[in-house]
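# Chain and residue survey
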Amino acid sequence: MGYAIETDGLAKTFAKAEALKGIDVRIPAGTIFGFLGPNGAGKTTTVRLLTGVLKPSGGQARVLGLDAAADSTEVRRRIGVLTETAGNYERLAARDNLVIFGQLYGLKKVAAVERAGELLKFFGLEERAMERVETFSTGMKKRLLLARALIHEPEVLFLDEPTSGLDPEAAHHVLELIKGLCVERRRTVFICTHNLDEAQRLCDTVAVIDAGRVLAQGTLKELEEKLWSRAEVVVELEEVNARVAGAVSNFAAEGRGIETAAGREAGGSEGVAAAAAAANILRIPLRSHEQIPDLVAEIVRAGGRIRAVQPVKHSLEEIYMKLMGGGGDELAKH
Amino acid sequence: MNWQSIRVVMIKDIKEIGKNLQFWLPTVLVPLIMAVVLPVVVSLIFSRAPLNSLNTGSWNAMFKRMPEALQNVFAGMTQRQAMVFIFANYLFKPFFLIIPVMVASIIAANSFAGERERKTIESLFYTPVSDLELLMGKVLAAFVPSVAVSWLAFAAFVAAVDATSFPLFGRLILPTVPWVLLLALLVPAVSFLSLAITVLISARVRGFQEAQQIAGALVVPILFLVFGQVIGLFILDAGAILAITVVLAVLDYLLVKIGAQTFSRERVITQL
């Protein structure tokens, strides 16, 4: 699969500060990539380097096969950008904003007007098209920025916090649109966000950046496997007797104990019934989730009656926190 | 060079400034006062008021200080005609340099410092427009209206002066060759100088107001021309206009070179 974006040792030093310390990122074409990290980590600098607005101090960035620094004009012709620091022209009408940018991206005026009309309709701004943007709500301004980024049907879309300031319904609408662009039109989307839930739902791959270095990148599953060397499964049984317990401990990955949920939660549970129920829930470490069918068969053979089996999956938030807590340093060394 | 991009940037900037009251008030009022109200009042006073109510003594003294060539211009004119002729041809010329300085600096401050302040300039940086095209679009957005407003004001001035002075002269006294040279050469040169300096100032200040205030100081050298004319130190004849134009053209060229180097995406964006 071809990469829409690839960087090799991409670095940027400003007068005093080293903003990016050589990052290597690969983003397959037609996928959604989440770029996660705290404020000041280097996300905006990366976007500015990839869009050719800044020139790198070291390394190289290629976007759609073009050198982002040397062919920056051609790169910018084929990408769309939405960032919080690049606002609308507030004194001009919504439609004028779109038409002007359409023309700057090379559309003829007639085509720009037509495309602006379609986008205004799509984003529910049709009725306010001729009004000044300064009269718009935050959500409407955001939708207009998104429309502007799409005016020339870019092949790669850079979105910085695309849903911040939007109400849940509008945010959902925008996320669906981004997914649609990616799936139906094979566009590549590069999203910088702090919203980890959103990134988890949306992104095919993510990278976590801190202090100018990429701590880890990959699919959620890949990151999880890198960060947690063993898989876990939670099994709920009608009753845990000695035979079942024996079967499970023989099966479980070596060196790690089996926890009952009761052991964890007894302190917080409110009644004996709850504690007893929790005692039937086992958290079992495995070498990988592929062992689950065999584990289930083993429990059944030992006479255990299973109510539920749930592989433990770590959320992007857990992954992010673990990386930020120092797990990333170890990964970066590998 | 993509002319569509340059034109779109220019029209965008002009549209934007056109929605700003801070632009319209001075751009309409100042030319209106300088090019219509003042000339009509002065012309009417000089051509209608009783001669003994005017301080003719100081006028006579001023005539005598004039170079001989200039005195020849007034040969055969009545004192009233000479007074109207002087104000129409000499005293008002520097005012027509204040107009382009003012208009060009307001637009340039809005278009460079203002766009940075309002966080819109970065939007332009993500488009395929080159740094030079962006700069040219923005320079033209200040230059074209500045020259246009000056020319419109001059047309109004000619109409006002000729209408009020025709009964006195029996002929149209404006326009004259030095006036045309001033409008055709010096006004564009001054507009360019004003906007180039404002662009350089805009790169170093926080916002539109600050850029405009500093650029306002550009009017000071023109005030010297006003007073110089009034006290008879020198006169803005064709020769002086050509000489000043040449000096300004050289300055313009140097400033454009510096400006073009200063205005790059990388430089502007790291200042945001």
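What counts as what
- Along each chain, numbering runs from 1 in the same order as the chain's sequence is written.
- Naming scheme: in the order in which they are written, chains are lettered from A and ligands are numbered from 1.
- This being a predicted model, a pLDDT of at least 70 is required before a residue's local features are given, and a value of 80 or more before pairs of side-chain atoms are given or counted; all residues contribute to the totals for chains, interfaces and linings.
- To obtain the side-chain values, all non-hydrogen atoms of the structure were used and water was disregarded.
- The secondary structure listing takes helices from DSSP runs of H or I that are at least 4 residues long and strands from runs of E that are at least 2 residues long, numbered from the N terminus.
- For every residue, the accessible area (1.4 Å probe, protein chains only) is compared with the maximum for its type, and the residue is labelled buried under 20%, exposed over 50%, or partly exposed between those bounds.
- Any pair of residues with heavy atoms lying within 4.5 Å of one another is described as a contacting pair.
- Surface accessibility follows the Shrake-Rupley procedure with a 1.4 Å probe radius. Residue values consider only the protein chains on display as shielding.
- Charge assignment: positive for Lys and Arg, negative for Asp and Glu; neither His nor the chain ends contribute.
- Charge positions are represented by NZ for Lys, CZ for Arg, CG for Asp and CD for Glu.
- Values labelled buried area give the accessible surface lost by two parts on being combined, using a 1.4 Å probe and summing over both.
- For this analysis, a salt bridge means a side-chain nitrogen from Lys or Arg found within 4 Å of a carboxyl oxygen belonging to Asp or Glu.
- Under the rule applied, a polar contact is a pair of N or O atoms within 3.5 Å (in protein, one hydrogen donor and one hydrogen acceptor; residues adjacent in sequence only if both atoms are side-chain atoms).
- Two strands form a pair only when DSSP identifies at least two bridges running between them.
- Fitted lines through C-alpha atoms give the axes, limited to the stretch in contact for helices. The angle between two N-to-C directions lies from 0 to 180 degrees.
- Residue ranges assigned to each domain were obtained from an automatic or database domain assignment.
- The span you would expect from a helix comes to 1.5 Å times its residue count less one.
- By definition, a residue's bend is the angle between the axes fitted to the seven residues ending there and the seven starting there.
- To qualify as a nonpolar core, a set must consist of buried Ala, Val, Leu, Ile, Met, Phe, Trp, Tyr and Cys residues joined through side-chain atoms within 4.5 Å.
- Any angle between 65 and 115 degrees counts as roughly perpendicular, while under 35 counts as roughly parallel, over 145 as roughly antiparallel, and the rest as oblique.
- In this scheme the handedness of a crossing depends on how the near helix is turned from the far one: anticlockwise by less than a right angle means left-handed, clockwise means right-handed.
- Only Asp, Glu, Lys and Arg are considered charged in this grouping, and only Ala, Val, Leu, Ile, Met, Phe, Trp, Tyr, Cys and Pro are considered nonpolar; every other residue, Gly among them, is considered polar.

### So, the overall build of chain B
Scanning chain B for helices and strands turns up 13 helices and zero strands. Sequence-ordered secondary structure for chain B, helices as α and strands as β, is α-α-α-α-α-α-α-α-α-α-α-α-α. Within chain B, the proportion of its 272 residues that are buried is 54%. For chain B, contacts bridging at least 24 residues in sequence account for 82% of all contacts bridging at least 6. Accessible area for chain B stands at about 11800 Å²; split by element, carbon and sulfur atoms hold 72% of it. The distance from the centre of the 19 positive side-chain charges to the centre of the 13 negative ones in chain B is 6 Å.

### Topic: the overall build of chain A
Broken down by element type, chain A carries 13 helices and 14 strands. Counting only residues that meet the buried cut, chain A has 49% of its 334 residues in that class. Put simply, of all contacts in chain A between residues at least 6 apart along the chain, 71% involve residues at least 24 apart. As displayed, chain A offers around 15600 Å² of accessible surface, 49% of which is attributable to carbon and sulfur atoms.

### Here's the deal with the interface of chain B and chain A
Across the boundary between the two partners, chain B contributes 27 residues, which contact 30 residues of chain A. Across the interface of chain B and chain A, roughly 2700 Å² is buried in total on both sides, 58% from carbon and sulfur atoms. Remark: the boundary between chain B and chain A carries three salt bridges. We note a salt bridge from B:Glu266 to A:Lys12, for which the minimum N-O separation is 2.5 Å. Our count for the contact surface shared by chain B and chain A stands at 14 residue pairs in polar contact (both at pLDDT 80 or more).

### Thoughts on the sheet that holds strand β10 (residues 213-218) of chain A
Residue and element names in this part refer to chain A. Taken in spatial order, the six strands of this open sheet run β6-β7-β8-β3-β9-β10, and their pairing is mixed. One side of each edge strand has no neighbouring strand; the edge strands of this open sheet are β6 (79-82) and β10. Direction aside, the axes of adjacent strands within the sheet are offset by 15 degrees on average. Inspection of the sheet shows strand β9 (residues 205-210) paired to β10 by five bridges, in the antiparallel sense. Across the sheet, Ala-207 pairs through a bridge with Gln-217, a residue of β10.

### Here's the deal with the side chain of B:Glu133
Residues and elements named next belong to chain B. Assignment of secondary structure puts Glu-133 in helix α8 (residues 131-169). Buried within the structure, Glu-133 lacks any salt-bridge partner; its nearest side chain of opposite charge belongs to Arg-265, at an N-O separation of 7.5 Å. Polar contacts involving the side chain of Glu-133 include one to the main-chain amide nitrogen of Ser-130, which spans 2.9 Å. Those residues within four positions of Glu-133 in sequence are excluded, and the remaining contacts are Met-1, Asn-2, Ser-5, Ile-6 and Pro-128.

### Points about the domain arrangement of chain A
Split into domains, chain A comes out as domain 1 (3-225) and domain 2 (230-312). Between the C-alpha centres of domain 1 of chain A and domain 2 of chain A the distance comes to 45 Å.

### As for the pattern of salt bridges
Under the definition given, this model contains 24 salt bridges over all chains. Measuring nitrogen to oxygen at the nearest pair gives 3.1 Å for the salt bridge that ties A:Arg48 to B:Glu122. Pair noted here: A:Arg48 is in helix α1 (residues 43-50) and B:Glu122 is in helix α7 (residues 121-125), and the two residues belong to different chains. Judged by its relative accessible area of 13%, A:Arg48 is buried. The class for B:Glu122 is buried, based on a relative accessible area of 1%. We note a salt bridge from B:Asp13 to B:Lys138, for which the minimum N-O separation is 3.0 Å. Here the residue B:Asp13 occupies a position in helix α1 (residues 3-18), and B:Lys138 occupies one in helix α8, the gap between them amounting to 125 residues. This pair shows no difference in class: B:Asp13 is buried, exactly as B:Lys138 is. Sharing partners across several salt bridges, the network here consists of B:Lys12, B:Asp13, B:Glu115 and B:Lys138.

### With respect to the sheet that holds strand β4 (residues 58-63) of chain A
Strand pairing in a sheet relies on backbone hydrogen bonds, with the paired strands running either antiparallel or parallel. If you trace the four strands from one edge of the open sheet to the other, you get β2-β1-β4-β5 (chain A), paired in antiparallel fashion. The sheet terminates laterally at β2 (18-28) and β5 (66-67) of chain A, the two strands that pair on one side only.

### Here's the deal with helix α2 (residues 21-48) of chain B
Residues and elements named next belong to chain B. With 28 residues, α2 ought to run about 40 Å at 1.5 Å a step, and its terminal C-alpha atoms sit 38 Å apart, in line with that. The sharpest bend along α2 reaches about 40 degrees and sits at Ile-33. Those residues of α2 not exposed but buried are Phe-23, Thr-27, Pro-31, Met-34, Ala-35, Pro-39, Val-42, Ser-43, Phe-46 and Ser-47. One side-chain oxygen of the residue at the start of α2 lies 2.9 Å from the amide nitrogen of Gln-22, identifying that residue as Asn-20.

### Digging into the nonpolar core
Among the nonpolar cores identified, the biggest contains 173 residues, and A:Phe190, B:Phe96 and B:Leu182 are the most heavily contacted of them. Residues A:Leu237, A:Ile284, A:Leu295 and A:Ala302 belong to the second largest nonpolar core, which totals 15 residues.

### A word on the packing of helix α3 (residues 94-104) of chain A against α1(B)
Where α3(A) meets α1(B), the axes come as close as 9 Å, and the angle between the chain directions of the two elements is 160 degrees. Our classification of the angle between α3(A) and α1(B) gives roughly antiparallel. You can see that α3(A) and α1(B) cross each other, and the crossing is left-handed. Of the residues in α1(B), those touching α3(A) at A:Asp96, A:Ile100, A:Gln103 and A:Leu104 are B:Gln4, B:Ser5, B:Val8, B:Val9, B:Lys12 and B:Lys15. Of the residues contributing to the contact of α3(A) with α1(B), the split by class is four nonpolar, three polar and three charged.

### Topic: unusual backbone geometry
Most peptide bonds adopt trans geometry, and most residues besides glycine take a negative phi value. The omega torsion across B:Leu174 and B:Pro175 is -5 degrees, close enough to zero to call that bond cis. Structurally, B:Pro175 can be placed in the loop between α8 and α9 (177-202). With a phi close to 50 degrees, A:Glu153 is a non-glycine residue in the positive phi region. With respect to the helices, strands and loops of the structure, A:Glu153 is situated in the loop between α5 (138-150) and β7 (156-160). Judged by its relative accessible area of 37%, A:Glu153 is partly exposed. Positive phi is not limited to glycine here, since A:Glu161 has a value of about 50 degrees.

### Notes on α1(A)
Residues and elements named next belong to chain A. Of all eight residues making up α1, seven are buried, and the element is well covered by its neighbours. Residues of α1 that are buried: Lys-43, Thr-45, Thr-46, Val-47, Arg-48, Leu-49 and Leu-50. Among the residues trailing α1, Gly-52 stands out with phi positive, at a value near 75 degrees.

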